[in-house]
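Next come the chains, spelled out residue by residue.
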Amino acid sequence: MKKNLFENKYGRFSEDYREYIITDPRTPRPWFNYMWNPKYAGLISHTGGGFSFVDTPRDNRLTRMRYNCLPWDRPGRYVMIRDNDSKKYWSLSWAPTLDVKYKFYECRHGLGYTSVETEFDNIKGTLTYFVPRDLNGEIWKVRLVNTGKTQKNLGIYAFTELMMGNALNDIINQPNDKHFTDIHYDKKHQTLTATRRYWVLNKKVSVEQPNLDWKHWLLFTSTLPVTGYDSSLDAFIGRWRSETNPVAVENGKMGNTEITAGDPVAALQSELTLAPGEEKEFAIVMIVNDKEEENPFEGLDWKDIRNISRCKKRFDELNKWWDNYLSHFSIESPDDDINLMLNVWNQYQAAVTFDMARNSGYYHGGLLFGTGMRDQFQDILGVVLADPERVRARLLNALRFQFSDGSTLHNFFKLTDWGERTNHSDTPLWIPFGLIEYLNETGDMSILDEDVTFYDGGSANVYEHLKRAVDYAISATTERGIPKMMNGDWNDTLDKVGPKGKGETIWGGFFLAYIIKKSFELLKKKGDFETQARWHSTYDHLGKVINAVAWDGEWYIRAFKDNGEPLGTHEAEQGKIFINSQTWSVISGLAPKARGSKALESTAKLLERDNGIQICWPSYTTVEEDVGLISRCVPGKKENGAIFNHASSWFVLASFLNGDTDKAFSVFKKMLPVNSSKRIDRYEIEPYVFAEYVTSPDHPTEGQASHSWLTGTAVWMLRNGMDQIAGFKTSLEGITIEPAIPSSWNGFSATRKFRGKTIKLTCKKAGNNQSQVKKINGEPVEKLSITPALYEEDVINVEIVF
């Protein structure tokens, strides 16, 4: 049976689903990808746009991206070709030479790389951008083919606009900030060496002058012999010009400029001759090296770096790395959209969010948020299967931003270790959430004994950090024992519900109960029966009080304001029902079965749309000062009534847990990008990854999506697929397999790696004369619970006939 490649007017997936192929560059918005390793990262669009950074996109930005630029997506990483005989020139990535009449264009966004192929004037060019796993830098690998019948004498011009340093300062103080740049050409290494004498590393916007040296060299080179260079953007581009028509390219000659001030560019010129039918390859390399020595090349094997064969090998190594990453879970189901998302793009997006948080993106900008504690402890859910060591290190690092009373910063910035304490009620509870998920995946109890400092001084082991987070949340409750809303909870825009300390978050009560329930197995294993009894009492009390005061008849109230008025009730004219208090009533286990079912039924009845579930309804059309920013946002977008995918993914989870498999599966399918983007010119953004939200019918642009890539939706939808549909549920003791199989399926197979074992699951519907059966390695069992350490085999075969 032929695979569905989910083609639209702009592109499609490859046969193996490992690439998204864009065939028309004039997409409704720039469609991005990521290339990165644990230290060096870059956004890369289908036209070569985006920016690069080391460690953090605000404080250590390397290249520029102009926000709200027209044309979109400028500047970028460009390789221009000039026919030295005809004087014609063009970019291998389509942009910025948009008016050139290309014979062919195709972009392939792959895993950690983007490849753009174009053809113009009998030159077929393929430009592949990637970040190797073993270098703090990026490679632009180029292949040129002469498809004509005459020799081509070509000029090669590779360039990118540099920034080097604090991206926020570059925007607000750029005329002064450009007085500290040093770029020189090293003839021996045929490389531009760039650095800065001054680095703004303020904790926030300030006129303070920290008097710091930028601690890096940026090196820009080619594997071809270099015949010219420029480091002055003004000299390279020319007056009253743009990236579209640099004077150096038009004239075929660089100015060989070196600068100690001014706007910087890294631009290199080379010459190449291609006989008819001839093909040649080369690479442009941009690397960052620590400025510990005066020699910019200290510790680098420059012959290795400037070797095209080695560049190609690094690309092969990157692909093998992703092969291994994706091998930790896979599913073969009857539905192509499920397979392509769960096997490739959902896992890939989850890996992106783990390293980019809600910070390094085209829509998030990389200037404001830093790394959120809430995001950090959720985003481990995808990566923990494949890279538990990095997750362990990430958890230990993030715990440093917890205070000794159990509260936390809301976000933090790498390099400065600064963040904001915003008093969001839910933030501390994501600490135990992430730690428990890590423990359930790995069984690594040793992490609990690690000693970690508190942000305000002192230290404790990780187990104590976990307990203090829960105890702080328990203490931050009102007289009747419901968590205070304070300055907001997961829904940041409910920021005026409880700033006086009297408002209550019902969702927060459900979330606290969920965290407590998830902790019971750990407390028992630790023998901490005093804490277990105390928390169990809190859990029981939360169930009683919330069900006594927050049931509105057909759904749960969302919150109580500082003045005691309910938020999210049938009597309201706007904001009658909010999704989170319905879904988490079930996820937490606090809702009696009848109420939980009714709450989900009401949610589906009032909030379900073509692309998922609205976050609330009706959207706010009138500002309510005692509710907050949600009522100022335009109706139908963002938190004010959009189909907010993160929250919608929790409806899917709650429905699975409630036994409503077909409803959960239906919404799960609606939410998949390949389905929600069917009206692509309305949807606009990338159809291969989840968006933060899709505009609801409460706005005229219904169906328009925004804020792609960096959303918690990625990990929750991935875990819905792995934990619920495929049924792999982890715990401290091991893994239990309980698939939720939709009625439309006759079966499926899945593979999951878990604690050194590979579990191969086969599910099939019973025939007429077959009975239901569960088997592990051929032996019938009552329950499919596996403790890996008890099995000598590396592969554990599980069979279900249902």
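Residues numbered from 1 in each chain as written. Predicted model: local features only at pLDDT ≥ 70, side-chain atom pairs only at ≥ 80, totals over all residues. Heavy atoms only, no water.

> So, helix H21 (residues 713–725): which residues are in play, and what are the values?
The buried fraction of H21 amounts to 13 of the 13 residues, a majority that puts the element mostly inside the structure. Just downstream of H21 lies glycine 727, where phi reads positive at about 85°. (Buried < 20%, exposed > 50% of the residue type's maximum accessible area, 1.4 Å probe, protein only. Helix = DSSP H or I, 4+ residues; strand = E, 2+ residues; numbered from the N terminus.)

> Got a sec to walk through the packing of aromatic side chains? Specific residues and values, please.
Following the criterion strictly, the structure yields 54 aromatic pairs and no others. The positively charged end of lysine 141 is found above the aromatic ring belonging to phenylalanine 315, 4.9 Å away from the centroid. Positioned over the ring face of phenylalanine 354 is arginine 394, at 4.0 Å from the centre of the ring. (Phe/Tyr/Trp six-rings, centres within 6.5 Å; stacked < 30°, edge-to-face > 60°. Lys NZ or Arg CZ within 6 Å of the ring centre and 35° of its normal.)

> I'd love a proper account of the sheet that holds strand S33 (residues 643–644), names of residues and values included.
In spatial order, the strands read S33-S34-S35; together these three strands make up an open sheet with antiparallel pairing. Sheet topology places S33 and strand S35 (705–708) at the edges, where each strand pairs with a single neighbour. Looking at chain direction, strand S34 (residues 691–694) and S35 are connected through three bridges and run antiparallel. Bridge assignment links alanine 691 to a residue of S35, and that residue is serine 708. (Pairing = 2+ DSSP bridges.)

> Which residues make up the environment of asparagine 461, and what are the values?
In this fold, asparagine 461 is placed in strand S25 (residues 459–461). Look at asparagine 461 and you get partly exposed, because its relative accessible area is 30%. The sequence separation of asparagine 461 and leucine 415 amounts to 46 residues, and the corresponding C-alpha distance is 24 Å. Sequence-distant contacts of asparagine 461, that is, excluding residues within four places in its chain, are made with Leu448, Asp449, Glu450 and Asp451. A polar contact of 2.8 Å, which involves the side chain of asparagine 461, links it to the backbone nitrogen of glutamate 464. (Contact = heavy atoms within 4.5 Å. Polar contact = N/O pair within 3.5 Å; in protein donor to acceptor, adjacent residues only side chain to side chain.)

> Summarise the packing of helix H10 (residues 388–398) against helix H11 (residues 430–442); cite the residues concerned and give the values.
Running from N to C, H10 and H11 cross one another at 155°; their axes reach a closest spacing of 11 Å. Taken together, the axis directions place H10 and H11 in an arrangement best described as roughly antiparallel. Where H10 crosses over H11, the handedness of that crossing is left-handed. Contacts from Pro388, Val391, Arg392 and Leu395 of H10 reach H11 at Gly434, Leu435, Tyr438 and Thr442. Of the residues assigned to the contact of H10 with H11, the class counts are five nonpolar, two polar and one charged. (Axes fitted to C-alpha atoms, helices over the stretch in contact; angles between N-to-C directions. Parallel < 35°, antiparallel > 145°, perpendicular 65-115°, else oblique. Left-handed = near helix turned anticlockwise from the far one by under 90°. Nonpolar A, V, L, I, M, F, W, Y, C, P; charged D, E, K, R; others polar.)

> Outline the environment of threonine 621, listing residues and values.
Mapped onto the elements of the fold, threonine 621 is located in the loop between strand S32 (616–617) and S33. Note on threonine 621: relative accessible area 64%, which makes it exposed. On a C-alpha basis, the gap between threonine 621 and aspartate 495 in space is 17 Å, while along the polypeptide they are 126 residues apart. In contact with threonine 621, not counting residues within four places along its chain, are Gln574 and Pro635.

> Tell me about the pairing of strand S17 (residues 228–232), and please be specific about residues and values.
The buried fraction of S17 is high, at five of five residues. In this sheet, strand S18 (residues 264–274) lies alongside S17 in antiparallel orientation, the contact comprising four bridges. When the sheet's bridge partners are listed, tyrosine 229 is paired in S18 with leucine 268.

> How would you sum up the packing of helix H7 (residues 336–356) against H21? Please name residues and give values.
In contact at an axis separation of 8 Å, H7 and H21 are set at 145° when each is read in the N-to-C sense. By crossing handedness, the relation of H7 to H21 is classed as left-handed. Contacts between H7 and H21 involve Leu342, Asn346, Gln347, Gln349, Ala350 and Thr353 on the former and, on the latter, Ala714, Val715, Met717, Leu718 and Gly721. Among the residues making up the contact of H7 with H21, the classes are represented as six nonpolar, five polar and no charged.

> Run through the pattern of salt bridges, naming residues and quoting values.
For the coordinates displayed, the defined rule picks out 60 salt bridges. Ionic pairing is found between arginine 421 and aspartate 405, a salt bridge with its closest N-O pair at 3.5 Å. Here arginine 421 is found in the loop between strand S23 (418–420) and H11, whereas its partner aspartate 405 is found in the loop between H10 and strand S22 (411–413), with 16 residues between them in sequence. Counted as one network, the salt bridges with shared partners bring together Arg64, Arg66, Arg74, Glu161, Asp170, Lys178, Glu243 and Asp263. (Salt bridge = Lys/Arg side-chain N within 4 Å of Asp/Glu carboxyl O.)

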